[in-house]
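A closer look at the structure
Residues per chain are reported as follows:
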Amino acid sequence: MNNYYVDLHVHIGRTASGKPVKITGAKTLTLTNILHEAERVKGLHIVGIVDSHIPEVLDELEREMEANGWGEHEEGGVQAGNVTLLLGSEIEIYDEHCHGPIHVLAFMPTIASTRLFSEWLKKRVKNISLSSQRMYGTGRKLQEIVKQLEGLFIPAHAFTPFKSLYGSGVKESLTEVFEPDWIDAVELGLSADSEMADQIAELHRYPYLSNSDAHSLRKMAREYQIVRMHQPTFAELKMALQMENGRAIVANYGLNPKLGKYHQTVCERCFAPMNESDECCPSCGHRRYVKGVFQRIQELKMEGAPPKRPPYIYQVPLEFIPGLGEKTYKKLLTHFGTEMHVLHQATNQQLIDVVGKKLAEAIVLARSGQLAITAGGGGQYGKIALT
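Description of the structure in this document.

Rules behind the numbers
Residues numbered from 1 in each chain as written. Predicted model: local features only at pLDDT ≥ 70, side-chain atom pairs only at ≥ 80, totals over all residues. Heavy atoms only, no water. Helix = DSSP H or I, 4+ residues; strand = E, 2+ residues; numbered from the N terminus. Rg over C-alpha atoms; globule rule 2.2 N^0.38 Å. Buried < 20%, exposed > 50% of the residue type's maximum accessible area, 1.4 Å probe, protein only. Contact = heavy atoms within 4.5 Å. Areas by Shrake-Rupley, 256 points an atom, 1.4 Å probe, with all protein chains shown as cover. Lys, Arg positive; Asp, Glu negative; His and termini not counted. Charge placed at Lys NZ, Arg CZ, Asp CG, Glu CD. Pairing = 2+ DSSP bridges. Right-handed = clockwise from strand over helix to strand, strands pointing away. 1 Å grid on protein atoms, 1.4 Å probe; cavity = no way out; pocket = protein on both sides within 12 Å on 5 of 7 lines; lining within 4 Å. Points joined across faces, edges and corners; volume = space filled by probe spheres on them. Arc of directions from axis to C-beta. Disulfide = S-S within 2.5 Å. Core = buried A, V, L, I, M, F, W, Y, C linked by side-chain atoms within 4.5 Å. Axes fitted to C-alpha atoms, helices over the stretch in contact; angles between N-to-C directions. Parallel < 35°, antiparallel > 145°, perpendicular 65-115°, else oblique. Left-handed = near helix turned anticlockwise from the far one by under 90°. Salt bridge = Lys/Arg side-chain N within 4 Å of Asp/Glu carboxyl O.

1. Observations regarding the overall build of the protein
Helix and strand counts for the protein come out as 12 helices and 17 strands. Against the compact-globule benchmark of 21 Å for 387 residues, the protein has a radius of gyration of 20 Å, which places it among compact chains. Viewed in the frame of its principal axes, the protein has a C-alpha envelope of about 55 × 55 × 45 Å. Within the protein, the proportion of its 387 residues that are buried is 56%. Considering only intrachain contacts with a sequence separation of at least 6, the fraction spanning at least 24 residues in the protein is 69%. For the protein, the accessible area works out to roughly 16,400 Å², and carbon and sulfur atoms hold 49% of it. When the 42 basic and 45 acidic side-chain charges of the protein are each reduced to a single mean position, those positions are 6 Å apart.

Here you go:
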């Protein structure tokens, strides 16, 4: 078996005709650009595109397959050069019991099953051509159709304050919304890691995913995982999530949660740290705050011994490193080929030869999570500082 780099949450910003898909996504975030970035720049082996159910995107994919000689793998997924595209969807649910909004990811094994899912979904959303549309129906109904089509069901960025399972969805337990046996994995989001999530005992049965939720090409693979499989296909990934016959997630790579936009509780206006007990912000006097992921997990904390998990390795993306601008970034890619090579294979001396001692040391510290961090919150990323 081999180890593969996997990022399962990338959005499409525009179709080939220029129509918007993810409104907040970059215009350069097109199907062909994503696949090029995944293979040639990031060094990914599997990329999950979570707007694959949109009819124009499916039509575009089939045209590109014919033009480039790509094909569907017999075990699921589209083989596009040296990268496998997994056909995914991000959907928003808000059920009749006022649970929500909650974002979830669903992955289908084939184009045919994705088209069937798209037909089912378009009767339950207002605009099938836009990303992350609200589905009118329950979480369990959505799970049911995903399982009928032999897909994967994954709650997305499960702890963020807005549009997530534990952030704005359930009060105490995922059983309020979902059938537990029909969940295949849980996506952590940028403001949480495995240790934090494992404070919630009902999550111990699920594997954790660390994905980028990329809204631009540069953000791809800011979080990802290494997965051990025979080959990069839908079926192999499904077995890896179930830890079948030696397949497994080897390691999660992600931001230190403090770098995430919603880690700590902060003032809604000035982003100064706040406690829930504060009557008003000690910095500006504003009375409202945005509850952080750390605080929310403390509220949900349940007793129970967590399972043995793969390591969650803190890794600062290159774009977060002060002084590493676009010119230096391109220089690194020209010399080393992909970000994965820079982050995993390049030695300190090799980096020094390309970018000098100061930046080389920063990259080495960044990929091992040893840089000093000021926590983020309220929608603002945390920051790192070079000493």
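Right, picking up where we left off after that structure.
2. Side note on the pairing of strand β2 (residues 46-49)
Looking along a regular strand, one sees side chains alternate from face to face of the sheet. The side-chain alternation of β2 yields two buried faces, one formed by Ile 46 and Gly 48 and the other by Val 47 and Ile 49. Inspection of the sheet shows strand β1 (residues 2-10) paired to β2 by 3 bridges, in the parallel sense. Bridge pairing in β2 places Val 10 opposite Ile 49. What joins β1 to β2 is helix α1 (residues 31-42), and the crossover it makes is right-handed. For β2 and strand β5 (residues 83-93), the ladder comprises 4 bridges, and the chain directions are parallel. The residue bridging Ile 46 from the neighbouring strand is Thr 84, located in β5.

3. Overview of unusual backbone geometry
In this structure, Glu 150 is a non-glycine residue whose phi angle is positive, near 60°. Inspection of the secondary structure puts Glu 150 in the loop between α4 (139-148) and β8 (152-155). Located in the positive-phi region is Phe 271, a residue other than glycine, with phi close to 70°. The residue Phe 271 is located in the loop between β13 (266-267) and β14 (289-290) in this model. Since its relative accessible area comes to 28%, Phe 271 is described here as partly exposed.

4. Brief notes about empty space enclosed by the protein
What the rule picks out here adds up to 3 cavities of 30 Å³ or more. The volume enclosed by the largest cavity comes to roughly 80 Å³.

5. A look at the environment of Leu 300
Residue position: Leu 300 is located in helix α8 (residues 293-300). Not counting residues up to four positions away in its chain, the partners in contact with Leu 300 are Tyr 166, Lys 171, Glu 172 and Ile 200.

6. Topic: α8
The set of residues buried in α8 consists of Val 293, Arg 296, Ile 297 and Leu 300. For α8, the arc enclosing every buried residue in end-on projection is 100°, short of the 170-degree limit, so these residues lie on one face. Where the residues of α8 are buried, they touch α5 (165-169) and α6 (194-197).

7. Overview of the state of the cysteines
For the structure shown, the criterion picks out 0 disulfides. Free of any disulfide, Cys 267 has its nearest neighbouring cysteine sulfur in Cys 284, separated by 3.6 Å. Judged by its relative accessible area of 0%, Cys 267 is buried. Take Cys 281: it sits in no disulfide, and the sulfur closest to it among the cysteines is that of Cys 270, at 3.6 Å. Take Cys 281: its relative accessible area is 3%, and that puts it in the buried class.

8. Overview of the nonpolar core
Nonpolar side chains in soluble globular proteins tend to be buried together. Ranked by size, the top nonpolar core spans 59 residues in total, and within it Ile 34, Met 220, Leu 318, Ile 321, Leu 332 and Ile 363 carry the most contacts. If near-sequence neighbours (up to four positions away) are discounted, Leu 332 is found in contact with Leu 318, Leu 324, Gly 337, Val 342, Leu 351, Val 354, Val 355 and Ile 363. Counting residues in each nonpolar core, the second largest holds 41 residues, with Phe 159, Ile 200, Tyr 262 and Leu 300 among its members.

9. Things to note about the packing of helix α9 (residues 326-336) against helix α11 (residues 348-355)
Axis separation between α9 and α11 bottoms out at 10 Å; the angle between their running directions is 125°. Taken together, the axes of α9 and α11 lie oblique to each other. You can see that α9 and α11 cross each other, and the crossing is right-handed. Residues Thr 328, Lys 331, Leu 332, His 335 and Phe 336 of α9 touch α11, and the partners they reach there are Gln 350, Leu 351, Val 354 and Val 355.

10. Section: the pattern of salt bridges
Pairs can form between side chains of opposite charge once their charged atoms are near each other. The full count for this structure, using the stated rule, is 19 salt bridges. As a salt-bridge pair, Lys 147 and Asp 184 come within 2.4 Å of each other at their nearest N and O atoms. Here Lys 147 is found in helix α4, whereas its partner Asp 184 is found in the loop between α5 and β9 (186-187), with 37 residues between them in sequence. When salt bridges with common partners are traced through the structure, they connect Glu 276, Lys 291, Arg 296 and Glu 299 into a single cluster.

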